[in-house]
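Residues per chain, in single letters:
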Amino acid sequence: MRTEDIWWKRLSNPVNLIENIADSILENKSVAVICRDGIPWKTSFLDAVMEDISQCSAGMRNSTHDIGENINPGDFLMKKYCSKQEQSRYVPSETKARFLSKSKFSTINKSRVFVFLDGQANEWVNFIDEYSSYFGEDDEHGLFVLLTSDGNIKSSEHIDCYDYDKMVSQFDTLLLCMTVLSEQNYGILEKQYISETAVSIADGNVMLAGKLAECGINLVIKPYETVDFVLSTDNFPMEMNEQKLKASVWKAQIKVLFPLLEQFRYDFISEHYREISDSLYGASNEDYKNKNVYDLEIIDLYHICKKRRIVSDTEFKCLGSFREARNILAHWELVPYKSVMDLFGRF
């Protein structure tokens, strides 16, 4: 399944948005969708909405328009949905919303109009509200789906307003990446690591995150080359310098590795509690005296085990690997890919 279809047809929050839009249209109401950074995979979004509303009023036609700023809705719709002869019947003493609502020859009254709008949306919202007010609740009339970055608009009697950014979160983007990787032959920790890395680098851009996830393990083996390839191949409008990319990968490593480091620390202490506890009582280092054993950090455990020799060489070597990873992350550096995989292998 294509990444965009996973987003709009399988993930619960994007699907809920589609269903809400469809429900409003089926209830004979127009819709405004606020999306401050634009709707991802616009064509797939439209296809999903149209598929859900196909059961309603088969005689209605669907049309889509990308509109810039400062376009008067009445002027635009008159030109698009009225013949020149019909336009000539308009008189300035009535509003264009009123004229279109009663026109028997305009196609607007049998259309579902999808409008992608740049800039402020108040003028369009007011026009749709007025136009819709001339019809009864069950009367067939034109319906609008207005997609805008204008966060100031609100629901009204004739328009249901949905805020994409409140309904869909970065967690949904993580789920998308995990789903993209679901059929790949990676372990669960590898899938999580790739997904967290894709989400962190994409910084809110779900389409970029999806593309990066599609690169699979290459994203974490050679992140710089992979990201550069994706950005240049798919023309994403994002600048990514080496320092910014390193910070993004580090953030992903913290999310994935830090819980593992803590789990290892807890398990190590539990397994060797008595030996570690006995070592603390005899410790000359003031830092260790009167400490709860479970409060010891990996670095403390390492030094205690090095001095007291209370674990096997194999266990000590493993402890050293986790200590090294902890130190690398603490200094804002990246744990090498091979070391990450070695740590994953412990779980």
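Residues numbered from 1 in each chain as written. Predicted model: local features only at pLDDT ≥ 70, side-chain atom pairs only at ≥ 80, totals over all residues. Heavy atoms only, no water.

Visitor: Account for the sheet that holds strand 5 (residues 159-163), with residues named and values stated.
Guide: Taken together, the five strands give an open sheet; going across it, the order is 2-3-4-1-5, and neighbouring strands pair in parallel fashion. In the strand order of this sheet, the two ends are held by strand 2 (61-67) and strand 5, each with one partner. Direction aside, neighbouring strands of the sheet carry axes that sit 15 degrees apart on average. Summarising the sheet, strand 2 and strand 3 (residues 111-117) pair through seven bridges and their orientation is parallel. Its bridge partner being in strand 3, His-65 is matched across the sheet by Val-115. Running over the sheet, helix 3 (residues 42-53) touches strand 2, strand 3 and strand 4 (143-148) and is turned about 155 degrees from strand 3. Packing against the sheet, helix 4 (residues 73-81) makes contact with strand 2, strand 3 and strand 4, and its axis sits at approximately 135 degrees to strand 2. (Pairing = 2+ DSSP bridges. Helix = DSSP H or I, 4+ residues; strand = E, 2+ residues; numbered from the N terminus. Axes fitted to C-alpha atoms, helices over the stretch in contact; angles between N-to-C directions. Contact = heavy atoms within 4.5 Å.)

Visitor: Any details on the pairing of strand 1 (residues 30-34)? Residues and values, ideally.
Guide: In terms of burial, strand 1 is a largely internal element, five of the five residues being buried. Both faces of strand 1 are covered, namely the face carrying Ser-30, Ala-32 and Ile-34 and the face carrying Val-31 and Val-33. Here strand 1 runs beside strand 5; their pairing, made up of five bridges, is parallel. Directly across from Ile-34, in strand 5, lies its bridge partner Asp-163. (Buried < 20%, exposed > 50% of the residue type's maximum accessible area, 1.4 Å probe, protein only.)

Visitor: Describe the layout of surface pockets, with residues and values.
Guide: By volume, the largest pocket amounts to about 360 Å³. Along its surface, the largest pocket is lined by 17 residues, and Asp-37, Tyr-164, Gly-204, Asn-205 and Val-206 are the ones closest to its centre. Every element with two or more residues in the lining of the largest pocket is listed here: helix 8 (164-167), helix 9 (170-180) and helix 11 (206-214). Here the lining of the largest pocket is built from residues that sort into eight nonpolar, six polar and three charged. (1 Å grid on protein atoms, 1.4 Å probe; cavity = no way out; pocket = protein on both sides within 12 Å on 5 of 7 lines; lining within 4 Å. Points joined across faces, edges and corners; volume = space filled by probe spheres on them. Nonpolar A, V, L, I, M, F, W, Y, C, P; charged D, E, K, R; others polar.)

Visitor: Outline the state of the cysteines, supporting the account with residue identities and numerical values.
Guide: This structure, assessed with the given rule, holds zero disulfides. Free cysteine: Cys-177, not disulfide-bonded; nearest cysteine sulfur from Cys-215 at 11 Å. Among the residues examined, Cys-177 registers a relative accessible area of 0% and is labelled buried. (Disulfide = S-S within 2.5 Å.)

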